[in-house]
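Commentary on secondary and tertiary structure
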Amino acid sequence: MQRFNLTVFSQFWTIAKSYWSSDEKWRARGLLLAVILLSLGYTGLSVLLNNKRGVLISSLSAHDEARFWQTILVFTGALVVYAPLYAGYVYLRDRLGVEWRQWLTNDFLDRYFQNRAFYHLNYAEANIDNPDQRIAEDIKSFTHESLTFLLAIVDSLLAVIAFTSVLWSISAQLILFLVIYALIGTLTTVGVFGQPLMRLNFERLKTEADFRFSLVRVRENAESIAFYQGEQYECDRIKGRFSAVFDNFKRL
């Protein structure tokens with residue numbers, strides 16, 4: 001498992017580092033830093049809002065009107081700051097993902113047409129299926145999922161650091177229980193479901209690409225199919241491709 005993870009990371013970094021070390025690296029790194037700073041800001045405000053919710057409920061229970069309105073003012077002010085912070089975080093995150101995808105797509109297109117690679121791929125021993133699908137969809141998934149995963153780790157670490165002090169004031173045993181629960185849940189999820197889901201998601205992309213290509217093939221060869229009366233054959237063939245998509249979806 002360790003060797004597999006290192007291999008996967010090595011393959012990932014081989015593709016990813018091209019953008020982060022390209023001529024656009026400073027813009028990309030600047031956007032990433034801005035996203036992390038915004039994440040830090042709204043995470044801190046999340047802790048404040050969580051605290052003020054508790055104070056709000058306590059003041060209502062104690063019929064403390066002055067404390068209630070004071071808390072409302074602080075809560076409202078925090079929300080006013082929180083909303084643009086989170087909106088800016090989402091915007092810059094998606095903007096960075098789009099720019100990464102644009103750069104990587106252009107890079108792959110240059111490679112695809114260089115030295116007639118698009119022609120040689122049809123006869124390559126590796127038998128790469130649906131290169132158009134790989135460029136159009138896989139790059140999109142690669143950039144979006146990689147960025148989402150990285151920022152999820154950062155957000156989770158910030159949230160753990162921020163909320164640990166709150167939980168510690170309630171119960172140290174509670175923190176220990178939650179850490180053990182999270183570790184067991186994560187290891188179980190990754191160990192039991194991780195590998196099968198990776199394989200099924202890979203198959204999903206392949207089967208859906210085959211299905212779309214079959215439909216495109218009919219449009220491009222409509223005259224020949226009509227001339228040779230191959231409608232039923234093509235229809236059965238496309239239905240077979242869709243059955244593979246449907247079966248894969250059920251397994252997922």
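Attention in this report is confined to the structure presented alongside it. Quick caveat: nothing in here was measured; it's all calculated off a predicted structure. (Residues numbered from 1 in each chain as written. Predicted model: local features only at pLDDT ≥ 70, side-chain atom pairs only at ≥ 80, totals over all residues. Heavy atoms only, no water.)

1. Details of the overall build of the protein
- Counting its secondary structure elements, the protein contains 8 helices and 0 strands.
- When the elements of the protein are put in sequence order from the N terminus, they spell out α-α-α-α-α-α-α-α.
- Relative to a compact globule of 252 residues, whose C-alpha radius of gyration would be 18 Å, the protein shows 26 Å and is clearly more extended.
- Taking all 252 residues of the protein together, 26% fall into the buried category.
- In the protein, the proportion of contacts linking residues at least 24 apart, taken out of those at least 6 apart, comes to 76%.
- On the protein, the mean spot of the 26 positive side-chain charges and the mean spot of the 24 negative ones are 4 Å from each other. (Helix = DSSP H or I, 4+ residues; strand = E, 2+ residues; numbered from the N terminus. Rg over C-alpha atoms; globule rule 2.2 N^0.38 Å. Buried < 20%, exposed > 50% of the residue type's maximum accessible area, 1.4 Å probe, protein only. Contact = heavy atoms within 4.5 Å. Lys, Arg positive; Asp, Glu negative; His and termini not counted. Charge placed at Lys NZ, Arg CZ, Asp CG, Glu CD.)

2. Concerning the packing of helix H2 (residues 25-61) against helix H5 (residues 131-170)
- Close contact between H2 and H5 brings their axes to 10 Å; oriented N to C, the two are set at 35°. Helix-helix and strand crossings are classified by hand; for H2 and H5 the assignment is right-handed. Across the interface between the two elements, Leu32, Val35, Ile36, Ser39, Leu40, Tyr42, Thr43, Ser46, Val47 and Asn50 from H2 touch Leu147, Leu150, Leu151, Val154, Asp155, Leu158, Ala159, Ala162, Phe163 and Val166 from H5.
- Class assignment of the residues belonging to the contact of H2 with H5 gives a composition of 15 nonpolar, 4 polar and 1 charged. (Axes fitted to C-alpha atoms, helices over the stretch in contact; angles between N-to-C directions. Left-handed = near helix turned anticlockwise from the far one by under 90°. Nonpolar A, V, L, I, M, F, W, Y, C, P; charged D, E, K, R; others polar.)

3. Regarding H2
- End to end, H2 covers 54 Å across 37 residues, agreeing with the expected 54 Å (1.5 Å per residue, within 8%).
- Among the residues trailing H2, His63 stands out with phi positive, at a value near 55°. (Expected span 1.5 Å × (residues − 1).)

4. Re the packing of aromatic side chains
- Summed over the entire model, instances satisfying the criterion amount to 16 aromatic pairs.
- Centroid distance Tyr42 to Tyr89: 5.1 Å. Interplanar angle 65°. Geometry classified as edge-to-face. Taken together, the positions of Tyr42 in helix H2 and Tyr89 in helix H3 (residues 65-113) put the pair 47 residues apart, joining distant regions of the chain.
- Relative accessible area serves as the criterion here: at 2%, Tyr89 is assigned to the buried category.
- Each ring, one from Tyr82 and one from Tyr86, has its centre 6.2 Å from the other, and the planes form 0°; the classification is stacked. Pair noted here: Tyr82 and Tyr86 are both in helix H3, with a separation of 4 residues, about one helical turn.
- On the basis of relative accessible area, Tyr86 is assigned to the partly exposed category, the value being 36%.
- Each member of the aromatic cluster is reached from another via a ring pair, and the members are Phe12, Tyr19, Trp20, Trp100, Trp103 and Phe142.
- Lying over the aromatic face of Trp26, Arg29 brings its terminal NZ or CZ to 5.0 Å of the ring centre. (Phe/Tyr/Trp six-rings, centres within 6.5 Å; stacked < 30°, edge-to-face > 60°. Lys NZ or Arg CZ within 6 Å of the ring centre and 35° of its normal.)

5. A look at a nonpolar patch on the surface
- A grouping of Ile170, Leu174, Phe177, Leu178 and Tyr181 is seen on the molecular surface, where their side chains present a nonpolar patch of about 530 Å² in accessible area.
- With 4 residues, the single largest contributor to the nonpolar patch is helix H6 (residues 172-220).
- By secondary structure assignment, the location of Ile170 is in helix H5. (Patch = residues over 30% accessible without salt bridge, like charges linked within 9 Å, V, L, I, M, F, W, Y side chains within 5 Å. Areas by Shrake-Rupley, 256 points an atom, 1.4 Å probe, with all protein chains shown as cover. Salt bridge = Lys/Arg side-chain N within 4 Å of Asp/Glu carboxyl O.)

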